[in-house]
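Residue-level structural notes
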Amino acid sequence: MHAEHIREYCLKKKFVTEGFPFDNVTLVFKVKGKMFLLMSLEGDLRINLKCDPEKAIDLREHYPAVLPGYHMNKKTWNTVMIDGSVGDTQIKEWIDDSYSLIVKSLPKKDQEGISFS
């Protein structure tokens, strides 16, 4: 999966915006103002995704490309190295999970009209 594919996939989701709030090499995707994916555009392609704490540990144990979240809360964020060792379908599922976790954390009024796919 390439950076542009990840970008296009994220932007298809409702109420998603993109920007560079930290620097000019970390593209951040937000839903209703809350981050659900960060993508490094410098060096090897990698993304940070929000994750259920128990699932985060499980993924790290089963996928060498999944690491504790770089510069994030390591309990609830994973860094995924996009190196070809994890299939596109799996990466999309993890993106969907991250998006869903963030949407579910929003106030009920902000969740209206948002699907979890």
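Residues numbered from 1 in each chain as written. Predicted model: local features only at pLDDT ≥ 70, side-chain atom pairs only at ≥ 80, totals over all residues. Heavy atoms only, no water.

**Looking at the overall build of the chain**
When helices and strands are counted, the chain shows four helices and six strands. Taken from N to C terminus, the helices and strands of the chain fall in the order α-β-β-β-β-α-β-β-α-α. On C-alpha atoms alone, the chain measures out to a radius of gyration of 13 Å, which is about the 13 Å that the 2.2 N^0.38 rule sets for 117 residues. Oriented by its inertia axes, the alpha-carbon framework of the chain measures out at about 40 × 30 × 25 Å. (Helix = DSSP H or I, 4+ residues; strand = E, 2+ residues; numbered from the N terminus. Rg over C-alpha atoms; globule rule 2.2 N^0.38 Å.)

**Regarding the nonpolar core**
Among the nonpolar cores identified, the biggest contains 29 residues, and I6, F36, L37, I47 and I95 are the most heavily contacted of them. For this core, the secondary structure elements donating two or more residues are α1 (3–11), β2 (26–31), β3 (34–40), β4 (46–50), α2 (53–62) and α3 (88–105). With residues up to four places along the chain from it excluded, the contact list for L37 reads I6, C10, L27, V28, F29, I47, N48, L49 and I95. (Core = buried A, V, L, I, M, F, W, Y, C linked by side-chain atoms within 4.5 Å. Buried < 20%, exposed > 50% of the residue type's maximum accessible area, 1.4 Å probe, protein only. Contact = heavy atoms within 4.5 Å.)

**Focus: the pattern of salt bridges**
Summed over the entire model, instances satisfying the criterion amount to four salt bridges. E18 is the salt-bridge partner of R7, the closest N and O atoms lying 2.7 Å from each other. Here E18 lies in strand β1 (residues 16–19) and R7 lies in helix α1, a separation of 11 residues in the sequence. Of the residues examined, R7 reaches a relative accessible area of 26% and is grouped as partly exposed. Among the ionic pairs, K13 bridges to D96, the shortest N-O distance being 2.6 Å. Of this pair, K13 sits in the loop between α1 and β1 while D96 sits in helix α3, and the two are 83 residues apart along the sequence. Residue class for K13 comes out buried when judged on its relative accessible area of 6%. Relative accessible area serves as the criterion here: at 19%, D96 is assigned to the buried category. Linked through salt bridges whose partners overlap, the residues forming this network are E4, R7 and E18. (Salt bridge = Lys/Arg side-chain N within 4 Å of Asp/Glu carboxyl O.)

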